[in-house]
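# Structural overview for review
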Amino acid sequence: MSLHYGHCLLSIPGPSTIPERVLSAMHRPSPNIYAGELHDITATLFPDLKTVARTSGEAAIYIGNGHGAWEGALANCLSKGDKVLVLGTGRFAIGWGELGAQLGLDVELMDFGDLTDADPAKVEERLRSDHQHEIKALLTVQTDTASSVQNDIPALRKALDDSQHPALFMVDCIASLGCEPHEMDRWGVDVMVAACQKGLMTPAGIAFVFFNEKAAQARKNADLVTSYWDWQPRANPEIYYQQFCGTAPTHHIYGLRAALDMLVHEEGIEAAWKRHETFARAYWAAIEAWGRGGAFRANIENPERRSRAVTTVRTGKGEGTRLRDWCERIAGVTLGIPLGLGTPGSEEWDAAFRIGHMGHLNVPMVMGTLGAMDAGLKALDIPHGSGALEAATAVIAVHGQS
Ligand SMILES: *Cc1c(COP(=O)(O)O)cnc(C)c1O
């Protein structure tokens, strides 16, 4: 029997749930792209995006997904053969490095594995050993959506500063922007990349590259950049057409405008961070309760270094895939597949899954996902501790008092 004939929940780490308001804003005929409202609305996006990123620097918008932002960021700052240091903490940081290698960069990977964040002391040691300053950029993710680790961005900045290393600091916030605290300027991030389909609640299709003055200087010598990827006319167009190097992403502009109204002007970015913190902790409390009578545990042991937007869960043999399948087929809740943990169908892969808790999310959505999982554990006879739902509501109640 299937019980999923209702509003289905997509609890995967991107794309995230799209608010009805965003969808409605997009439901319209194509606008004039040469003058009028579309131009005015586009201009209003930039200050709000910078509010979300906490930067007074520049922003470029691309029609693209996260991979597009990765390429745009590298192309504007680097030249063929340049050395970049990539901090591997899961599939996503490594993927950014692989893309860099395809562009002709000399990529050095420091792999910290799937279970912890990048160790700032080891990074500092490596930077100090680079006497000739061959490393032109340090690439890291804030939240790696595969392992669900959250790197300590200020500590990594400090590693650069303490070693007096001039490399550009480039950070992927695709999963974390709008969900987890990020202070681009205060933390000394030179280039930050993001996309619209996670914390920004808009259908996949727009990517962002934020950059400061130091990165803008690097742009002058970068030989990888092409007119399509050039962030300069996108950030400071002389005519509207240059802003997207062609036709604007018309409907996404309306959708993103609605999403930023909600995030920046109604909820407020700091309140959104707190909301994500609460829901992440509710999920962790439930996982901990289940784990007291079974094999479930959060992949990242240290709560401080866990993402607030996604949680990777490790389970007993086969349990991850079985539960994920049950939740989708029977209960109408889609959980995320594991990424970078074994290959599909392998033992490691079948003993993990991911929960996305990013973007447009409230109490019934979190408790609905947790309730479906709890029922699935019982239906499938997967050993688990009791009290998970109560543990989650207790967290929500405490955070809901303020
Ligand atoms: C989702 C994600 C990406 C990839 O984004 P796409 O839109 O799928 O290209 C890259 N990095 C992180 C941290 C992500 O969460």
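What you see as residue numbers is a count from 1 along each chain, following the sequence as written. In view of the model being predicted, local features appear only for residues whose pLDDT reaches at least 70, and side-chain atom pairs are presented and counted only at 80 or more, with totals across whole chains, interfaces and linings using the full set of residues. Side-chain numbers here rest on the full set of heavy atoms in the structure, without hydrogens or water.

## Digging into the overall build of the chain
From N to C terminus, the chain includes 14 helices and 14 strands. Only the C-alpha atoms count toward the radius of gyration. The rule for a globule is 2.2 Å times the residue count to the power 0.38. For 402 residues, the compact-globule estimate of 2.2 N^0.38 gives 21 Å, and the chain sits close to it at 21 Å. Taken along the three principal axes of its C-alpha coordinates, the chain extends 60 × 55 × 40 Å. The long-range fraction of contacts in the chain, counting pairs at least 24 apart against all pairs at least 6 apart in sequence, stands at 74%. Throughout, the Shrake-Rupley method with a 1.4 Å probe supplies accessible areas, and for residues the shown protein chains are the sole cover considered. Carbon together with sulfur atoms contributes 53% to the accessible area of the chain, which is approximately 16100 Å² in total. A positive count includes Lys and Arg, and a negative count includes Asp and Glu. His and the chain ends are not counted in either. Lysine's charge is taken at NZ, arginine's at CZ, aspartate's at CG and glutamate's at CD. One finds the centroid of the 35 positive side-chain charges in the chain at a distance of 1 Å from the centroid of its 48 negative side-chain charges. Here a helix means four or more residues in a row that DSSP labels H or I, a strand means two or more in a row labelled E, and each is numbered from the N terminus. We call two residues in contact when some of their heavy atoms are within 4.5 Å.

## Brief notes about the packing of helix α3 (residues 66-77) against helix α4 (residues 91-102)
Where α3 contacts α4, the two axes come as close as 10 Å, and the packing angle between them is 50°. Between α3 and α4, the angle falls in the class oblique. The crossing of α3 and α4 is right-handed. Contact residues: H67, W70, E71, A73 and L74 in α3; F92, G95, W96, L99 and G100 in α4. For helices, the fitted axis covers only the stretch in contact; all axes are lines through C-alpha atoms, and the angles between them, taken along N-to-C directions, range from 0 to 180 degrees. Just so you know how the angles are binned, under 35 degrees is roughly parallel, over 145 roughly antiparallel, 65 to 115 roughly perpendicular, and the rest oblique. The sense of a crossing depends on the near helix, which, turned anticlockwise from the far helix by less than a right angle, makes the crossing left-handed and, turned clockwise, makes it right-handed.

## Topic: the pairing of strand β5 (residues 135-141)
The element β5 is extensively covered by neighbouring structure, given that six of its seven residues are classed as buried. Being paired, for any two strands, means DSSP has found at least two bridges between them. Note that β5 and strand β8 (residues 168-172) share five bridges and pair parallel. What sits directly across from T140, in β8, is V171. With a 1.4 Å probe rolled over the protein chains alone, any residue whose accessible area is under 20% of its type maximum counts as buried; one over 50% counts as exposed, and the rest are partly exposed.

## Topic: the site of the ligand
We call a residue near a given molecule or strand whenever any one of its heavy atoms falls within 4 Å of it. Looking at the ligand, the residues that line it are N65, G66, H67, W70, F92, T143, T145, D172, I174, A175, Q197 and K198. Counted as a polar contact is a pair of N or O atoms within 3.5 Å, where, for protein atoms, one must be capable of donating a hydrogen and the other of accepting one, and residues adjacent in sequence contribute only when both atoms are in side chains. H67 is positioned such that a nitrogen or oxygen atom in its side chain is 2.5 Å from an oxygen atom of the ligand. Residue T145 places a side-chain N or O atom 2.3 Å away from an oxygen atom belonging to the ligand. Relative to its unbound accessible surface of 380 Å², the ligand loses 89% to contact with the protein. With respect to the detected pockets, the ligand is housed in the largest pocket. Put plainly, a pocket is an open set of points on a 1 Å grid over the protein atoms alone with protein on both sides within 12 Å along at least five of seven lines, a cavity is a set where a 1.4 Å probe fits but cannot get out, and a lining residue has an atom within 4 Å of a point. Each molecule is checked against the cavity or pocket grid, and it sits inside if more than half of its atoms lie within 2 Å of the grid points.

## What about helix α11 (residues 319-331)?
At 3.6 residues per turn, the α-helix brings residues three or four places apart onto the same side. By the burial criterion, the buried members of α11 are E319, G320, L323, R324, W326, C327 and I330. Residues of α11 that are buried sit in contact with β13 (333-335), α12 (347-350), β14 (352-356) and α13 (363-379). Just downstream of α11, G332 is the residue with a positive phi angle, here 80°.

## Overview of empty space enclosed by the protein
Using a probe with the size of a water molecule, rolled over the atoms, empty space left in the structure can be pinpointed. Grid points are joined across faces, edges and corners, and a volume is the space filled by probe spheres set on the points. Taken as a whole and judged by the stated rule, the model has one cavity of 30 Å³ or more. Each pocket or cavity is described by its volume, and for the largest cavity that value is around 50 Å³. If you trace the largest cavity, you find it lined by L10, S11, I12, S16, T17, G356, H357, M358, H360 and L361.

## Here we look at the sheet that holds strand β2 (residues 58-63)
One open sheet holds the seven strands; their spatial order is β2-β10-β9-β8-β5-β3-β4, and the pairing between them is mixed. The open sheet has two edge strands with one neighbour each: β2 and β4 (106-111). Across the sheet, the mean angle separating the axes of adjacent strands is 20° when strand polarity is ignored. By the bridge criterion, six bridges tie strand β3 (residues 83-88) to β4 in an arrangement that is parallel. Bridging across to β4, L85 finds its partner in E108.

## Describing the nonpolar core
Counting 57 residues, the largest nonpolar core has L87, V123, L177, M192, F208 and F210 as its most contacted members. Top element by residues in this core is helix α9 (residues 250-267). It accounts for nine residues. Not counting chain neighbours up to four residues away, the residues in contact with F208 comprise L49, A60, I61, A69, M192, V193, A194, A195, C196, L200 and L256. For the purposes of this section, nonpolar cores are sets of buried Ala, Val, Leu, Ile, Met, Phe, Trp, Tyr and Cys residues that join through side-chain atoms within 4.5 Å. One finds A75, V141, A216 and A218 within the second-largest nonpolar core, a separate group that totals 37 residues.

## Describing the sheet that holds strand β12 (residues 310-314)
What the three strands build is an open sheet, ordered β11-β12-β14; its pairing is antiparallel. Edge positions in the sheet fall to β11 (297-298) and β14, since each of these pairs with one other strand and no more. Bridge count between β12 and β14: five bridges; the pairing is antiparallel. What sits directly across from T311, in β14, is I355. Sheet contacts for helix α10 (residues 269-291): β11, β12 and β14; angle to β12, the most-contacted strand, approximately 10°.

By themselves, these are just geometric observations and shouldn't be taken as functional.
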